[in-house]
Amino acid sequence: MSRSTTTTPLRAIPSALTNKASLSIPSPTQTYEPLVKSILRQRLTSGILLLSAAFCWLETIIWSIWGLGGVGKLGFAQLFLLPIKPWLLAVAFAHWLSVAVPVVVLRKTYLTSSRTNTSSPSQTWHSAWAKTSTRRAMLVYCASSILATTLHVFLAYTTETSTGMRSDPRLTIFVKSKKHPHYLNGRLLFLIISQLTVACGFLVRNVMLDRFVFRWTASSNRSVFGYILQTILVVSVFTTVCLPAASLAFGAIRACLPIVYQLPILPIFLRPFTAHFLRGSWSILLPFYHYRLFFRAWFLGASTLAIWEASEVIFDAYVAEPVKVSHLTSDPTLTLVSGVGSSDRMLKFFALSELLELATDNSPAASARRSDLFADQKYSPTIWGHLCREILLLLGHDYQLLLRRGAPAPPPPVVPPAPAPQPTGIPSTPAKLIDKPIFKSSKPSPIRSVIDSFAADGSFPKAVEEGAESVHLPELFKGVESAVLPTLERGKGEVKKSVDGALGAVTRPLRGGITGVVHAYAPVPISDMLKGWQEWWNTARVGRSVESTLPFRELDVLAVKVLSHLVCASLTEDRYGVVQRDTPKILEALLSFLSAVEEYQVEINALAQPTSDGQLLTSKELEKREEIEKASMVLGFVADGMKEGVTDLVRTFGDKLLAFKFPPRTARKLQGFLDYC
């Protein structure tokens, strides 16, 4: 009989142990960036746009009081009720919508974190003009200035002519003439040209200031009075410079009008509108004949420029202010560490700024948060590992840019593709060893020889293709050829050189444009002034070159401060020694960056030529020394930040650093800090 078997099915023993995958740190687009963007959006609506609207309202009140005859002509009741009248509020709203809002929208749309990598004003201008944002900004500024002129004309006819206290401002589109009703009004055209000149000048100023770049340091030490004084000074000086340029532009356009009238068909369409501009005095003297119009243009340009400048200053002040989101999330440390990994360096700057407050806070709550940061093991990689990696990647990228002296990264080497396998050869018929008939042919007839000579591969076509050199010439003809042809060629070359020289002397100034004409025909003082301006425009600045090698220096110094303070705090707050594993590579990265900065400082300081005692420096040498000092300040800012971070680490750890192993170069650099501290 067989062995008995049980009928109970087999079942696995239940267990509470499960293999759970480690959590990954959430993306900054899910945790940090929405919070920051919501705060920035609130600042835009309740801060920037609101303050710019208040500025436009105040400016409209001032223009209205001036148009109504001043404070003396208005009573107390009218002066009190004027700011809240519906028509004034409507004009102020239209003014804000057409002048202030476009500037703010431009700044918000084209705000960037990357500085322009140029070393001279000409390179800055050419680099900016190659961008689409610059051309669009110019169109927006010009359109905004024209709308501001339209609103000013409307306000002038609303206030100046309603009370009868002032004469007609004469700012209609066409002049009041029964004989020529379609003549364009020159006063209005001058206002428009002056506004366009102010718009172009404002664009040039923004390009030279690199104004679309994020301001890494907020000017918190400057008061509101300082901002107001700066805006008044900039507006006054800049408008005073632009108005003479507008007069020159108006005079040049009027001077070119007779030339345009020499064209065949165009004068037929221009004469009904512009024929009166052919007569009259020279337009460049317009301020002396129409000083009231010139003052109106100055105040109109100043008011437009004041709104633009105030909007820019308000935008810089609000956007550069640090953003705090810790109170808006349940896990603030995780949110901030996630924000450090953002691809946008501006948002990374905000996250590091708030982390620096956590790293430097000595309160028990902050100490508990740092301990949780070091000991958290729920995520893979850990929160501390992710933070350390992101900061070291940031410093490593900027360190490589410094080593390349601001040059872009070289493209990766192109790996040549592997050669394709050759197909196996197909057997073919071997070539003949003897390519001639083996039987002796008979002698061809004379007619056959003539026909073969005229064939496509005969001797006669071959002689034609080879040219005259293949034909035998008598020695007599060869002597004549060698004697005559070089003389003719030499004469032809001399004639060509003389003609080219004459044409070059005439067209060389024209090929150089305005500068070529000025150098060729202008007086010596004007030519020298233009040469000095060209040299200033094209000369590379040492300070700008150094700034292009460290475009994110403020962010680098902030990252070093965060990293060094957290590592110092980990000596007493890291219960498991997680941070100590990363301390050697952190010190090595900081010291390598510091060594590269100091080597560059030596190169820059070597550019300053030593002078003997009592020797006076020329203006160019003084400018060069100023540029070198500016470059040294930029490098010194980064070097001081690195030294401060390393010094804090050395003072905190002291002799405990001997337990770590460093490369020889890093150890020698670190020994200097140990001896100093």
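- The chain is annotated in an unreviewed UniProt entry as Nucleoporin NDC1 of Marasmiellus scandens.
- Quoted verbatim from the Sequence similarities (unreviewed entry) heading of the UniProt record, the comment on the chain is "Belongs to the NDC1 family."

1. Quick word on the overall build of the chain
- Looking only at helices and strands, the chain features 25 helices and zero strands.
- Burial statistics for the chain: of 677 residues in total, 38% are counted as buried.
- By sequence separation, contacts in the chain at least 24 residues apart represent 79% of the contacts at least 6 residues apart.
- With an accessible surface of roughly 41,400 Å², the chain has 65% of that area assigned to carbon and sulfur atoms.

2. Topic: unusual backbone geometry
- For the bond running from Ser380 to Pro381, omega is 0°, close enough to zero to count as cis.
- As for its position among the elements, Pro381 is in the loop between α14 (364–375) and α15 (383–403).
- Even without a glycine there, the phi angle at Asp210 is positive, about 55°.
- Positionally, Asp210 belongs in the loop between α7 (186–209) and α8 (224–260).
- Positive phi is not limited to glycine here, since Arg405 has a value of about 60°.
- Given a relative accessible area of 30%, Arg405 falls into the partly exposed group.

3. Some remarks on the environment of Gly186
- Tracing the chain through its elements places Gly186 in helix α7.
- Residues contacting Gly186, with those up to four places away along its chain left out, are Phe250 and Phe277.

4. Let's talk about empty space enclosed by the protein
- Applying the stated criterion across every chain yields a total of three cavities of 30 Å³ or more.
- In this structure, the largest cavity occupies an estimated 100 Å³ of space.
- In this structure, the largest cavity is lined by Glu59, Thr60, Trp63, Val91, His95, Ala148, Leu151, His152, Leu155, Leu300 and Ser303.
- Of all the secondary structure elements, the ones that give two or more residues to the lining of the largest cavity are α2 (33–67), α4 (86–109), α6 (132–159) and α11 (291–319).
- Counting residues per element, the lining of the largest cavity draws most heavily on α6, which supplies four residues.
- Split into classes, the residues belonging to the lining of the largest cavity amount to six nonpolar, four polar and one charged.

5. Quick look at the UniProt feature "transmembrane region" (unreviewed entry) in the chain
- Taking the UniProt record as the reference, the feature "transmembrane region" (unreviewed entry) is found at residues 47–66, 86–106, 138–157, 184–204 and 224–246.
- Annotated as 100% helix and 0% strand, the span residues 86–106 places its first and last C-alpha atoms 29 Å apart.

6. Some remarks on the pattern of salt bridges
- Taken as a whole and assessed by the stated rule, the structure comprises 17 salt bridges.
- Arg211 is the salt-bridge partner of Glu309, the closest N and O atoms lying 2.9 Å from each other. Taken as a pair, Glu309 in helix α11 and Arg211 in the loop between α7 and α8 lie far apart in primary sequence, 98 residues in all. Arg211 matches Glu309 in its accessibility class, with the two residues each being buried.
- Note that Glu390 is salt-bridged to Arg389, the shortest N-O span being 3.7 Å.
- Connected through shared salt-bridge partners, Arg107, Arg205, Arg211, Glu309, Glu312 and Asp316 make up one network.

7. Considerations on the packing of aromatic side chains
- All told, the structure shown has 20 aromatic pairs when counted by the stated rule.
- Here the aromatic rings of Tyr141 and Phe202 are separated by 5.2 Å at their centres, their planes lie at 80°, and the arrangement is edge-to-face. You can see Tyr141 sitting in helix α6 and its partner Phe202 sitting in helix α7, a full 61 residues away along the chain.
- A residue is classified by how much of its surface remains accessible, and Tyr141, at 1% relative accessible area, is buried.
- Judged by its relative accessible area of 0%, Phe202 is buried.

Cut-off values and rules
Residues numbered from 1 in each chain as written. Predicted model: local features only at pLDDT ≥ 70, side-chain atom pairs only at ≥ 80, totals over all residues. Heavy atoms only, no water. UniProt positions renumbered as here; feature names shortened; annotations may be inferred. Helix = DSSP H or I, 4+ residues; strand = E, 2+ residues; numbered from the N terminus. Buried < 20%, exposed > 50% of the residue type's maximum accessible area, 1.4 Å probe, protein only. Contact = heavy atoms within 4.5 Å. Areas by Shrake-Rupley, 256 points an atom, 1.4 Å probe, with all protein chains shown as cover. 1 Å grid on protein atoms, 1.4 Å probe; cavity = no way out; pocket = protein on both sides within 12 Å on 5 of 7 lines; lining within 4 Å. Points joined across faces, edges and corners; volume = space filled by probe spheres on them. Nonpolar A, V, L, I, M, F, W, Y, C, P; charged D, E, K, R; others polar. Salt bridge = Lys/Arg side-chain N within 4 Å of Asp/Glu carboxyl O. Phe/Tyr/Trp six-rings, centres within 6.5 Å; stacked < 30°, edge-to-face > 60°.

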